[in-house]
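Single-letter residue listing:
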Amino acid sequence: MNYKIISDSSANLLNLSAVDFATVPLHIITDTKEFTDDSFLDVSAMQNYLSSYKGKSSTSCPNAHEWIEAIDDADVAFLVTITSNLSGACASAKAAASMYESEHPDKKVYVIDSLSTGPEMVLIINKLAELIKTDAASESIYTAICEYQKTTHLYFSLSSLDNLAKNGRINSILAKGIGILGIKIVGKASDIGTLQPMDKCRGDNRAYKCLINHMKKLNYNGGKIVISHTSNPAGAYEMNDLIKNEFGYEDAVVMENRALCSFYAEPGSILIGFEA
Ligand code: X90
């Protein structure tokens, strides 16, 4: 049996060892340029361009055909998508799954709606890879990953809600008055996969302490952590140190956001995926 994991580019992962893996890109679109969120893209060049660009910008998700191409000839494929509540990526993955299965009745495609993005998707993908390596039956891998998802979370500190608001991904009332310089929006991916603000904090230090408090309230107790950042390695490592001091947890994986997450979680933001 050949198993494959495929995620959209909002997971910020370009490759994965040990199991067959592929990604399908989302796109960042402006009046004059389009950026494909794949391994060829220079994300910092895109950010430079966007920082002086004043026109309209938007994003688009992969279509079913792109998912099918990535499935290739897998016997069992797991498609891990960004939250279905903010993107069409999950719907196109589901369409791809039924097309592929009807053409290949002996093969199986599972779609996993992360109800989240970025680092929480990384946790889900890593767990899937672990489960695949145990040689468990595909159906029990799927059941196990659905259970696992109940234990993972995404918290974040965002520098701005501009692109989220402009593209209708959050209620514009929510975004009002939040463009104030230095104010960080601390929030989480809600249970239904929407952006749920929890606090507004002045400056990174307060925002990170606030995140620690929210993790405490959730009884975080040493589970795995992945932190991603947009042009903010210092913030990501500071958050890592705070987690270390507070909970004694040593090995957060720190990674950079690729294009889709950088576009919405604007420079200075961090995202934290963790098990609790
Ligand atoms: O289909 C598309 O065009 C993609 C739209 C994606 C919109 C949301 C992206 C969020 C990126 C921002 C902070 C985390 C929010 C998490 C809420 C579940 C990251």
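Sequence order as written defines the numbering, with residues in each chain counted from 1. Where totals are concerned, whole chains, interfaces and linings use all residues; where local detail is concerned, this predicted model gives features only for residues with pLDDT of at least 70, and gives and counts side-chain atom pairs only at 80 or more. Hydrogens are left out, water is left out, and the side-chain values use all remaining heavy atoms of the structure.

(A) Summary view of the site of the ligand. As a matter of local geometry, the ligand sits amid 19 residues, with Thr59, Cys61, Leu86, Ser87 and Arg169 nearest to it. Pairing of N or O atoms within 3.5 Å defines a polar contact, subject to two protein rules: one partner must be a possible hydrogen donor and the other a possible acceptor, and residues neighboring in sequence count only if both atoms are side-chain atoms. Contacts to the ligand include Thr59, whose side-chain N or O atom sits 2.5 Å from an oxygen atom. The side chain of Ser87 places a nitrogen or oxygen atom 2.7 Å from an oxygen atom of the ligand. When the ligand is considered free in solution it has 550 Å² of accessible area, and contact with the protein chains removes 99% of it. In terms of residue count, the dominant contributor to the shell around the ligand is strand E8 (residues 152-158) (three residues). Across the shell around the ligand, the residue classes break down as eleven nonpolar, seven polar and one charged. A single heavy atom is enough: if one lies within 4 Å of a molecule or strand, its residue is considered near that molecule or strand. Method for areas: the Shrake-Rupley scheme with a 1.4 Å probe, in which residue coverage is limited to the protein chains shown. Each helix corresponds to a stretch of at least 4 residues labelled H or I by DSSP, and each strand to a stretch of at least 2 residues labelled E; elements are numbered beginning at the N terminus. Under the scheme applied here, ten amino acids are nonpolar (Ala, Val, Leu, Ile, Met, Phe, Trp, Tyr, Cys and Pro), four are charged (Asp, Glu, Lys and Arg), and all others, including Gly, are polar.

(B) Structural context of the sheet that holds strand E5 (residues 57-60). Pairing between strands is defined by DSSP: at least two bridges between the two strands are required. Spatially, the three strands line up as an open sheet ordered E4-E3-E5, and their pairing is antiparallel. At either margin of the open sheet sits one strand with a lone partner, and together these are strand E4 (34-36) and E5. For this sheet, the mean angle separating the axes of adjacent strands, direction not counted, is 20°. Every axis corresponds to a line fitted to the C-alpha atoms, with the helix fit spanning only the stretch in contact, and the corresponding angles, defined between N-to-C directions, vary from 0 to 180 degrees.

(C) Representation of the environment of Glu256. Within the fold, Glu256 resides in strand E12 (residues 253-256). Relative accessible area serves as the criterion here: at 58%, Glu256 is assigned to the exposed category. Between the C-alpha atom of Glu256 and that of Ile270, which follows or precedes it by 14 residues, the distance is 9.3 Å. Contacts are assigned to residue pairs with any non-hydrogen atoms lying within 4.5 Å of each other. Apart from residues no more than four positions distant in its own chain, Glu256 is found in contact with Asn12 and His229. Each residue is placed in one exposure class: buried if its accessible area under a 1.4 Å probe, protein chains only, is under 20% of its type's maximum, exposed if it is over 50%, and partly exposed if it falls in between.

(D) Region of the structure containing the sheet that holds strand E13 (residues 270-275). Sheet architecture is open: six strands sit in the order E10-E9-E8-E13-E11-E12, paired in mixed fashion. Where the open sheet ends on each side, the last strands, each with one partner, are strand E10 (195-202) and E12. Ignoring strand direction, the axes of neighbouring strands in this sheet form an average angle of 20°. Sheet analysis places strand E9 (residues 183-189) next to E10, joined by seven bridges and oriented antiparallel. Paired with Ile185 across the strands is Lys200, a residue of E10. Across the sheet, helix H9 (residues 233-247) lies against strand E11 (225-229), E12 and E13, angled at about 155° from E11, the strand it touches most.

(E) Focus on the nonpolar core. As used in this record, nonpolar core signifies buried Ala, Val, Leu, Ile, Met, Phe, Trp, Tyr and Cys residues forming a set joined through side-chain atoms within 4.5 Å. Counting residues in hydrophobic clusters, the biggest one holds 45 residues, and the most contacted among them are Ile6, Trp67, Ile71, Leu79, Leu158 and Leu161. When residues in this core are grouped by element, the largest group, six residues, is from helix H3 (residues 89-103). Ile5, Leu16, Phe21 and Val76 belong to the second-largest nonpolar core, a separate cluster that totals 26 residues.

(F) Region of interest: the side chain of Asn12. Tracing the backbone through its elements, the reader meets Asn12 in the loop between strand E1 (3-8) and strand E2 (20-24). Residue class for Asn12 comes out buried when judged on its relative accessible area of 5%. A distance of 2.7 Å separates the side chain of Asn12 from the backbone nitrogen of Arg258, its partner in a polar contact. Among all residues touching Asn12, those that are not within four sequence positions of it are Gly118, Ser228, Met255, Glu256, Asn257, Arg258 and Cys261.

(G) Representation of the packing of aromatic side chains in the model. Two rings belonging to Phe, Tyr or Trp (six-membered ring only in the last case) form a pair when the distance between their centres is within 6.5 Å. Interplanar angles under 30 degrees mark stacking, angles over 60 mark edge-to-face geometry, and anything in between is tilted. Under the defined criterion, the tally for this structure stands at ten aromatic pairs. Aromatic side chains Tyr220 and Tyr249 sit 6.3 Å apart centroid to centroid with 85° between the ring planes, which places their arrangement in the edge-to-face category. Of the two residues, Tyr220 sits in the loop between helix H8 (204-217) and E11 while Tyr249 sits in the loop between H9 and E12, which places them 29 residues apart along the sequence. Across this residue pair, the class does not change: Tyr220 and Tyr249 are buried. Taking 4.8 Å as the distance between ring centres and 85° as the angle between the ring planes, the aromatic pair formed by Phe263 and Tyr264 counts as edge-to-face. No difference in accessibility class separates Phe263 from Tyr264, as the two residues are buried. Members of the aromatic cluster, connected to one another through ring pairs, are Tyr155, Tyr220, Phe247, Tyr249 and Phe274.

(H) Quick peek at the environment of Asn167. Mapped onto the secondary structure, Asn167 falls in the loop between helix H6 (162-166) and helix H7 (172-175). The exposure class assigned to Asn167 is buried, which follows from its relative accessible area of 17%. With 90 residues separating them in the primary sequence, Asn167 and Ala77 have C-alpha atoms 31 Å apart. Leave out the neighbours within four places in its chain, and Asn167 touches Ser57, Ser58, Thr59, Phe263 and Tyr264.

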